Amino acid sequence: METTWIDKFKGLGRLPAEIRDELVSGSEIVRVPPGTRIFAPGQTADNLWLLLDGTVKVQQKSDTGREVFLYRVHAGESCVLTTACMLAFEDYAAEGTSETDVEAVAIPRKTFDELVAKSPVFREFVFTAYSRRITDLFTLIDDIVFQRMDVRLASRLLELADENGVVHATHAVLGTELGTAREVISRTLSEFQRRGWIEQSRGEVHLTGRDGLERLVKSAGA
């Protein structure tokens, strides 16, 4: 794995052989179980993680204790917050937690700094991933400010549903995902259930009318 993981990341496959060898030898494969806090506010960013498998959830907590979901890092991606902290030599202002079993490549600051400085291909990979995620964050801000909550919740349910159409999340967790109160989520889910789009059980939402949810999301983008 240590000699082939580079090809899992778009852009790194163009690295010259000597830079590939330096990247592999200067990094390590790490594995963590679900629920592991990978970074937290106030911590120093010492490693850039490139995910090989699993998902990492990044969220921020306000002084009042309210949690706001920012984004997820999936396999084949890196964390924009970590990239920003490493480039600016700043501490984290949010936390990242593994949602599943996670396997990742940890690139220490020394290797990161050296390759950003001398490899145009690696530098392009870092900044392309950074700019793409920044665009996603602006989309998130736009959704929070301008998008209707029922549309946002429908979209998130479709995104989080497993292969059986089940979302494993409580109302409180969905509220955190969308930056709103649990009561708002509960009211909206009740309306979805009345329309026959979902069924609810403890800690789960079953999508019974996926077509209805998809129509709602598409109507908002029309």
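All of the points below concern the structure found in this document. (Residues numbered from 1 in each chain as written. Predicted model: local features only at pLDDT ≥ 70, side-chain atom pairs only at ≥ 80, totals over all residues. Heavy atoms only, no water.)

**A closer look at the sheet that holds strand β2 (residues 37-39)**
Heads up, the condition is: Paired strands, as defined in this entry, are two strands with at least two bridges between them according to DSSP. The helix and strand labels rest on DSSP assignments: H or I over at least four residues marks a helix, E over at least two residues marks a strand, and numbering proceeds from the N terminus. Axis definition: a line fitted to C-alpha atoms, over the contacting stretch in the case of helices. Angles run 0 to 180 degrees between N-to-C directions.
Ordered by their spatial adjacency, four strands build an open sheet running β2-β6-β4-β5, and the pairing between neighbours is antiparallel. The sheet is open, and its two edges are formed by β2 and β5 (67-73), each paired on a single side. Between one strand axis and the next, the sheet turns through 30 degrees on average, direction left out of account.

**Here's the deal with the sheet that holds strand β10 (residues 204-207)**
As summarised here, the arrangement of the three strands in space is β8-β10-β9, forming an open sheet in which the pairing is antiparallel. Lying at the two open borders of the sheet, with one neighbouring strand each, are β8 (166-167) and β9 (198-201).

**Let's talk about the environment of Thr 97**
Rules: Residues count as neighbours in contact if any of their non-hydrogen atoms are within 4.5 Å of one another.
Among the secondary structure elements, Thr 97 is positioned in strand β6 (residues 95-98). With residues up to four places along the chain from it excluded, the contact list for Thr 97 reads Gly 35, Thr 36, Arg 37, Ile 38, Thr 55, Val 56 and Lys 57.

**What about the pairing of β10?**
Convention followed: Here the term buried applies to any residue with accessible area under 20% of the maximum for its type, exposed to any over 50%, and partly exposed to those in between, with areas from a 1.4 Å probe on protein chains only.
Side-chain alternation along β10 places Val 205 and Leu 207 on a buried face and Glu 204 and His 206 on a face that remains uncovered. Where β8 lies against β10, two bridges are found, and the strand directions are antiparallel. Bridging from a neighbouring strand, Val 167 pairs with Val 205 of β10. As paired elements, β9 and β10 share four bridges and run antiparallel to each other. When the sheet's bridge partners are listed, Gln 200 is paired in β10 with Val 205. What sits between the antiparallel neighbours β9 and β10 is a turn of two residues, in which Gly 203 has the positive phi angle 75 degrees.

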